[in-house]
Amino acid sequence: MKDAKKSPGPSAAGKGKGKEGEKKEPREKDPEKMTPKERQRMAKTVRQWRVAVDFLFRHLAVITFRFNVFFVRQLTDFAKAMDAGDELRSQQKRKKSDKPRITSIKTMVETADDLEAAGKTDEAERLRQLADLSGRIRTWGLMANDYHKLITGVIEVETEEDEDNMDRMTSFINGIQSYTNRNYDFSHSKFVHKIDLSEFTEMEKVYLNWPVAVRSALFSASQYMKMASEMTGMTILDENPTPMLTEMQAAEFLMALNLDDALNERNTQDEQQMALLLGSSAADKKKTWRRPVPAEDYEPEIMQPIGLRSLLLQLPKDLPEDSKTKKKKKK
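Residues numbered from 1 in each chain as written. Predicted model: local features only at pLDDT ≥ 70, side-chain atom pairs only at ≥ 80, totals over all residues. Heavy atoms only, no water.

1. Some thoughts on the pattern of salt bridges
Applicable threshold: Definition used for salt bridges: Asp or Glu carboxyl oxygen within 4 Å of a side-chain nitrogen of Lys or Arg. Runs of E in the DSSP output that reach at least two residues are strands. Runs of H or I that reach at least four are helices, and both are numbered from the N terminus. Per-residue accessibility, obtained with a 1.4 Å probe over protein chains only, is compared with the maximum for each type, and a residue is labelled buried under 20%, exposed over 50%, and partly exposed between these values.
Taken as a whole and assessed by the stated rule, the structure comprises 10 salt bridges. Between Arg73 and Glu299 there is a salt bridge, and its shortest N-O distance comes to 3.2 Å. Separated by 226 residues along the polypeptide, Arg73 in helix H1 (residues 36-73) and Glu299 in the segment after helix H11 (282-285) bring together distant segments of the chain. Classification of Arg73 by relative accessible area gives partly exposed; the value is 34%. Among the residues examined, Glu299 registers a relative accessible area of 29% and is labelled partly exposed. The salt bridge involving Arg136 is made with Asp132; its shortest N-O contact spans 2.7 Å. Taken together, the residues Arg136 and Asp132, both in helix H4 (residues 121-152) and four residues apart, mark about one turn of the helix.

Following this line, the structure appears as structure tokens:
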């Protein structure tokens, strides 16, 4: 919970008015001044937020880690698989509207099936890996949208800055869906920054936009978590992360710690108010836990969160309708 202007309170849409247009008394924002009933109600809301944030952050860290492993270790194999897929599509008889190359995540999945049928299982697996990562962060965005609806009904929006921040949060969620659109051709998208691509091979450069689109979705997701934390005062990583540690591999958990360090700008006053609502102090919530040791050594690039200076794509425009392929009914 942020300071007075960003503390949980009535939503902006119905601020100050009752059902019959009568003026309501402003909701108390200081936990110490709340009535027991108000405090109990708000504590329940805060616990719901905590559960949602833990779930979203855990999965974001896992997807980010798996994407980094893919990008660092399997980019070359992915580029070769895309090249093989394009070659296969150029040899097949298709509809006139179909292009002889992979032009979307949807056609990537279809081509993976064709490659497997042609005996190129390794190439098929590389294409499916990226499509799976894209699908995972897309699903994450849908769940984050549910959380967004939950907090927007409680957060007080009083200033233009508050409105801008809420709009930015919405734009980040929309960005996730844009970067993971199943029917969009990312091959001609432009990068956000001019970055030296000399570290990539010529073949990798041809197909680089596809994994970078997924990376851009992950960046949007991390920025949403940061903004949501700033607007609610809910820390991204719980004071006691032990339960999260039990549900993640050691390397994934270390990614979560690195991601939290990169995103989290703690507000002491907010944390104290949250602790009051939950009936305990932040110090009481802290427990001793050991930093896990991964089963293998990972390249430093794999353990790095995705930042603004990373290789990212510009937001796609004029997106086609994003609908999954309908399964044919069996006769």
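Picking up after the structure, the text goes on.
2. As for the environment of Glu110
Secondary-structure assignment places Glu110 in helix H3 (residues 105-117). Its relative accessible area of 31% is what places Glu110 among the partly exposed residues. Taking the C-alpha atoms as reference points, Glu110 and Gly85, 25 residues apart in sequence, are found 9.7 Å from one another.

3. Observations concerning a negative patch on the surface
Test applied: Think of a patch as exposed residues, more than 30% relative accessible area, with no salt bridge, where like charges cluster within 9 Å and nonpolar side chains (Val, Leu, Ile, Met, Phe, Trp, Tyr) cluster within 5 Å. Accessible areas in this description were obtained via Shrake-Rupley with a 1.4 Å probe; residue shielding takes into account the shown protein chains only. Under this rule, positive means Lys or Arg and negative means Asp or Glu; His and the chain ends count for nothing. Where a charge lies is defined by one atom per residue type, namely NZ (Lys), CZ (Arg), CG (Asp) and CD (Glu).
Taken together, the side chains of Glu160, Glu163, Asp164 and Asp167 present a region of like negative charge at the surface. When you line up the elements, Glu163 lands in helix H5 (residues 160-179).

4. Topic: the confidence of the model for the protein
To be explicit about the condition: Residue-level confidence of the predictor, termed pLDDT, takes values from 0 up to 100. Residue contacts are counted whenever heavy atoms from the two residues lie within 4.5 Å of one another.
Scored by pLDDT, the protein comes out at a mean of 81, with 77% of its residues at no less than 70. Contacts from residues 1-28, a stretch scored under 50 in pLDDT, to residues over four places away or in other chains number 71 contacts. Contacts for the low-pLDDT stretch residues 325-331, under 50 throughout, to residues beyond four places or in other chains number three contacts.

5. A few points about the side chain of Thr107
Threshold: We call two N or O atoms a polar contact when they sit within 3.5 Å, provided that within protein one can donate a hydrogen and the other can accept it, with sequence-adjacent residues counted only if both atoms are side-chain atoms.
Locating Thr107 in the fold gives a position in helix H3. A polar atom in the side chain of Thr107 sits 3.0 Å from the backbone nitrogen of Ser104. The residues contacting Thr107, other than those within four sequence positions of it, are Arg89 and Ile102.

6. Here's the deal with the environment of Leu237
With respect to the helices and strands, Leu237 occurs in the loop between helix H7 (209-232) and helix H8 (242-246). Along the sequence, Leu237 and Leu257 sit 20 residues apart, while their C-alpha atoms lie 7.9 Å from each other.

7. Some thoughts on the packing of aromatic side chains
Geometrically, a pair of aromatic rings is defined through the distance of the ring centres and the angle of the planes. Put simply, the rule is: Each aromatic pair joins two rings of Phe, Tyr and Trp (for Trp, the six-membered one) with centres within 6.5 Å, and gets the label stacked for planes under 30 degrees apart, edge-to-face for over 60, and tilted for any other angle.
Enumeration according to the criterion identifies six aromatic pairs in this entry. Here Phe70 and Phe78 contribute two aromatic rings whose centre-to-centre distance is 5.7 Å and whose plane-to-plane angle is 65°, an arrangement assigned as edge-to-face. Residue classification places Phe78 among the buried residues on the basis of a relative accessible area of 0%. Measuring from centroid to centroid gives 4.8 Å for Tyr184 and Phe186, while their planes differ by 70°, and the two rings are edge-to-face. There is no split in this pair, since Tyr184 and Phe186 are both buried.

8. As for the packing of H1 against H7
Our working definition: A fitted line through C-alpha atoms represents every axis, and for helices the fit uses only the stretch in contact; the resulting angles, taken between N-to-C directions, go from 0 to 180 degrees. Reported orientations rely on four angle classes, namely roughly parallel under 35 degrees, roughly antiparallel over 145, roughly perpendicular from 65 to 115, and oblique for the rest. By the definition used in this description, the sense in which the near helix is turned from the far one sets the handedness, with an anticlockwise turn below a right angle giving left-handed and a clockwise turn giving right-handed. By the convention adopted, Pro, Cys, Tyr, Trp, Phe, Met, Ile, Leu, Val and Ala count as nonpolar, Lys, Arg, Asp and Glu as charged, and the other residues, Gly among them, as polar.
Closest axis-to-axis distance for the H1/H7 pair is 11 Å, and the angle between their directions is 155°. Here H1 is positioned roughly antiparallel relative to H7, judged by the angle of their axes. For the element pair H1 and H7, the recorded crossing hand is left-handed. Together, Trp49, Val53, Leu56, Phe57, Leu60, Ile63, Thr64, Phe67, Phe70 and Phe71 of H1 and Pro211, Val212, Val214, Arg215, Leu218, Ala221, Ser222, Met225 and Thr232 of H7 make up the contact between the two elements. The class makeup of the residues in the contact of H1 with H7 is 15 nonpolar, three polar and one charged.

9. Structural notes on the nonpolar core
As a reminder of what qualifies: To qualify as a nonpolar core, a set must consist of buried Ala, Val, Leu, Ile, Met, Phe, Trp, Tyr and Cys residues joined through side-chain atoms within 4.5 Å.
Grouped together as the largest cluster of nonpolar side chains are 84 residues, with contacts concentrated most on Phe78, Met108, Leu127, Ile137, Trp140, Tyr147 and Tyr224. Of all the elements, H1 adds the most residues to this core, at 16 residues. In this view, Tyr147 contacts Trp49, Ala52, Val53, Leu56, Tyr224, Ala228 and Thr232; residues no more than four positions away in its chain are not counted.

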